[in-house]
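Listed below, chain by chain, are the residues.
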Amino acid sequence: MLNTVSSKIKEVSKLKYKEKPFEYWGPTPDESRKIVVNKSHGLRDKRTTLKEAVAKYVKNGMNLGIGGFVNTRVPVAAVHEIIRKGVTDLTISMQSNSICTELLAGAMIVDPDRVSIKRVEMAWWGYEIIGIAPLFRYLTTNGIIEVDDYTNYGMSVRFKAAAMGIPFIPIRDHGGSDMELVNRGKMIECPFTKKNIYVVPACHPDLGIVNATASDMYGNARLFGALCTCPEIAMASNHTLLTTEQIIPTDSIRKYPNLTEIPYPAVDAVVEQPFASYPGACYGHYWFDMEHIKYFRSLGDEFRKTGNKEPLEKYYQEYVFGCETFDDYLDKIGYKTLKHLRKMDEGQPIII
Amino acid sequence: MSEKDFAKAGDFTLADLMTVAAAREVNDHEVVFAGTGMPMVAIMLAQKTHAPNLKLIFEAGTFDGRPDVLPTSVGDPRCEDGASRASGLVEAFSIAQRGYVDLGFLGGAEVDEYGNVNTTVIGDYLNPDLRLTGSGGNPDINSFAKRTVFIMVHEPRRFTKNVSYITSPGWRVKKWPSGEFISRKELYGGAYRGGPSAVISTAGVFRFNEDTGRMYLDTYHPGKTPEEIKGMCQFDLDISRVSGETPLPTYDQLRIIHEVLDPEEIFLPKVKKA
C-alpha cells in the first residue's frame, strides 16, 4: 500500500531543483524563535513518560530531528514510542543514522497509514561496516521519499546555525560537489572576501529527540563520549524530548556546570530510560548489540530483495506493537544480553 | 624468515596488500581523519610502525583517540579510549575546516580521471537506479584535509569517465554558475587546499598529475599489468609514469594487522591455509 504515501519526488524530478522556490523543510527561523520566546523558560520538573511526551509533541507533517550518530547514543526508545503512536508525512533531519531511521522506514513499509516519511534532509543513511541500509535504498530507489543531501558537517552546522538563532551559515565545502546543484544551499559571493562561499539554511526541527548519558529533572544534560550533534539539535528544535540513561541530582549538575552540554531551557520533556539507545551503543553504559542490529537489517534486506514484508511485520508485532513500553522490549531482549553489553562497554569513564 | 622480509605469495591477501599500501601514505606527526573499515586498520598499522606520533580524528567528535581494540565504526565508544578530547561533529570538522588536518582516508563507489568521487547515487539523482548511503563526511574531509586517499574496489564501471554524481570534488570540477570544468585550485582560490592525492584500488595505486589533475598509474599490484589496469578504466588511464609493483607486506606488518589490530577478522580476513 505504499502508493498511498504522499511523495512528490517524481514530479520534482522534472524540474530543475534550484528553480524551485526555496523553503525551509520545517519551521522557519522566525517561526521557531517565536515558539521559543513564548514558551515557559522557568526551571520546572520536566520528568514524564515517553507515552505522554510523544502524545504531546509528535504531530503529523512535522520535522523530526534525530540525535546520535549512526548507531551511537541514538534515541531508539523515543522512536519506538513514535512508531507506536503513529505519525504521517514526516520530514526527518539528521546527519548520519542507521537504526532509528531504518526503524521508521520499516514501520512505513509495514503500515504506511500509521507511519510515513515524506522526505529527509541528511548526510548519510547506512549501517557502517554491516552494510547499506536496505529500507533507505528501497524507499529512495523507488522514489517514495525525497532526499535533500548535505555533508555531515553541512547538516551539523545547519543545526548549529539554528541553535545560534541565525537563518544560514557559510561552510567551505559542498562547492564543486553536485550537492551544489540539488540541495537547498547556495553558492554566494562572500560580502567581505569577495570569494565564492557556500551557505546552508538553518535546520529547525519541530521536535528533536536526543538520548543523554545523564540529566537532572530540569533537562540539564550531560553527554559523554562523542557529543555527535546532540547539543545543537536540542537547541535548534522548537521542542526537545530528552531520554536519559539516568536522572541525577541537580546538585551534581551545579557542582560541575562545565559538564552540562544541553542547557535546561532547550529541553521540554525528560524521560528516564535506561538502555534508550539499544541496540545502539551508549558510551559509559553499554555497547552495540551487533547481532540484533544485523538481525533487524536482514529483515529489511529480505523485503528489499523479495518484496516479502512478513518477517518485518513479525518484528514490529513482537518488539514494537507487542510492547506497551520500551522496558517491555528490553524484557524481551533479556537481562543476560543487556548485562553482556554493559560488560562490553568496559566501564568507559563518565562523571555522574 | 625475518619479520622484515616481504611476505611470499600465498601468505597475504589483496586486502592486506592494500592496507599496507594505505598505511604507507601516512607520515609521522600528521593529523589523520579516519573512516571505518580498512582505512582505520591502515592508520593504526602506520601508528604501530613508522608513524607512532600520528593523531587520529574520528568524525563523531574524538581527537587523538588511542584505542587498544579496533573500533567497529567511527561512532564506536572505543574511539574515545585515550583521547585528548571528546566533542561533537561540529568541533571535529571545524578542526579540519580551520586547516589542522593533514590526511583523510575515504572510500567511494565511483571515481573519474580527475578524482571526482561518487558515494551518493548511481543513475539520475532524482530517479536513481541505485541510491547509495550519501555524502557523510566524505566531501568535508576531502575539501578540508591537505590531501586525501581513496580506497576502492577496481571495476571498469567504478573507474568511469563520468561519475553519476560528484559527491566529493576532484582536481577539475564544474565552475559555478557556468558549468565548465576548471581546476579546483582556480575555483577555490588560495583559501582552499587539499584534494585526492592517491587512489588505492584492488588493482593498483594511482596518483594525480600536478598540472592537469589527471590520474596516472603509480604501482600495479602483483599479478596485474599496467595494460590490464588501463583496460579496467573507462577513461584513458596514463600508464607512462609507472614506478613498479606495489610493495608487498612484510611479515611484521601482517602480524600487527592480524594478531594485534584485527584478530577477530572484523575487517580483514586471514589467509586460510589447508
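Scroll up a little and you will see the structure.
Residues numbered from 1 in each chain as written. Chains lettered and ligands numbered in written order. Predicted model: local features only at pLDDT ≥ 70, side-chain atom pairs only at ≥ 80, totals over all residues. Heavy atoms only, no water.

The subject of this paragraph is the nonpolar core. Grouped together as the largest cluster of nonpolar side chains are 101 residues, with contacts concentrated most on I262(A), F105(B), F159(B) and M215(B). Ignoring anything within four residues of it in the chain, the contact list for M215(B) reads V111(B), D112(B), E113(B), F159(B), V199(B), F206(B), R207(B), F208(B), F235(B), L237(B) and D238(B). Judged by nonpolar contacts, the second largest core, of 73 residues, contains I109(A), V110(A), V271(A) and Y316(A). (Core = buried A, V, L, I, M, F, W, Y, C linked by side-chain atoms within 4.5 Å. Buried < 20%, exposed > 50% of the residue type's maximum accessible area, 1.4 Å probe, protein only. Contact = heavy atoms within 4.5 Å.)

Further remarks concern the side chain of E102(A). Residue and element names in this part refer to chain A. Within the secondary structure, E102 is located in helix α5 (residues 99-110). Notably, E102 is buried but unbridged: the nearest opposite-charge side chain belongs to R297, and the N-O separation is 6.6 Å. The residues touching E102, leaving out its near neighbours within four places in the chain, are W125, Y127, A133, P134, L135, F136, F296 and Y316. (Helix = DSSP H or I, 4+ residues; strand = E, 2+ residues; numbered from the N terminus. Lys, Arg positive; Asp, Glu negative; His and termini not counted. Salt bridge = Lys/Arg side-chain N within 4 Å of Asp/Glu carboxyl O.)

Moving on, we get to the sheet that holds strand β9 (residues 196-201) of chain A. Each strand in a sheet pairs with its neighbour through backbone hydrogen bonds, running either in the same direction (parallel) or in the opposite one (antiparallel). All names here are of chain A. Read from one edge of the open sheet, 3 strands run β7-β9-β8, paired in antiparallel fashion. Whereas interior strands pair on both sides, the edge strands pair on one side only; in this sheet they are β7 (168-171) and β8 (186-189). Strand after strand, the sheet turns through a mean of 40 degrees between neighbouring axes, direction not considered. Of the strand pairs in this sheet, β8 and β9 are connected by 4 bridges, and their pairing is antiparallel. Across the sheet, residue I188 finds its bridge partner in β9, namely I197. Where helix α7 (residues 152-164) meets the sheet, it contacts β7 and β9, and its direction lies at approximately 145 degrees from that of β7. (Pairing = 2+ DSSP bridges. Axes fitted to C-alpha atoms, helices over the stretch in contact; angles between N-to-C directions.)

One number sums up the size of the largest pocket: a volume of about 1,400 Å³. Taken together, 47 residues line the largest pocket, and the ones lying closest to its centre are W124(A), T36(B), G107(B), G108(B) and T133(B). Elements supplying a minimum of two residues to the lining of the largest pocket: α2 (38-48), β5 (103-107), α4 (138-144) and β10 (147-152) of chain B. Top element by residues in the lining of the largest pocket is β5(B). It accounts for 3 residues. Class assignment of the residues belonging to the lining of the largest pocket gives a composition of 24 nonpolar, 17 polar and 6 charged. (1 Å grid on protein atoms, 1.4 Å probe; cavity = no way out; pocket = protein on both sides within 12 Å on 5 of 7 lines; lining within 4 Å. Points joined across faces, edges and corners; volume = space filled by probe spheres on them. Nonpolar A, V, L, I, M, F, W, Y, C, P; charged D, E, K, R; others polar.)

This paragraph deals with helix α6 (residues 134-141) of chain A. Judged by how many residues are buried, α6(A) sits mostly within the fold: 7 of 8 residues are covered. P134(A), L135(A), F136(A), R137(A), Y138(A), L139(A) and T140(A) are the residues of α6(A) that are buried.

With that settled, consider the sheet that holds strand β1 (residues 31-34) of chain B. All names here are of chain B. The mixed open sheet is built from 10 strands, whose spatial order is β4-β3-β2-β1-β5-β10-β13-β14-β15-β16. The strands lining the two open edges of the sheet, one partner per strand, are β4 (85-86) and β16 (244-245). The sheet contact formed by strand β13 (residues 196-201) and strand β14 (residues 204-208) spans 3 bridges and is antiparallel. Paired with A198 across the two strands is R207, which belongs to β14.

As a further point, take the pattern of salt bridges. Applying the stated criterion across every chain, the model contains 28 salt bridges over all chains. Here R255(B) and E3(B) are joined by a salt bridge, their closest N and O atoms 3.2 Å apart. A residue pair is termed long-range when its members are at least 10 positions apart, and R255(B) in helix α7 (residues 251-261) and E3(B) in the segment before α1 (14-24) qualify at 252 residues. Looking at R255(B), the relative accessible area reads 31%, which means it is partly exposed. A single network of salt bridges, built from pairs that share partners, joins E121(A), D148(A), R158(A) and R184(A).

Time to look at unusual backbone geometry. Residues and elements named next belong to chain A. With omega at 10 degrees, the peptide bond leading from Y278 into P279 counts as cis. Tracing the backbone shows P279 in the loop between β14 (269-272) and α11 (290-306). Notably, V70 is not glycine yet its phi reads approximately 55 degrees, a positive angle. Within the secondary structure, V70 is located in the loop between β1 (63-66) and α4 (76-85). With relative accessibility at 1%, the residue V70 sits in the buried group.

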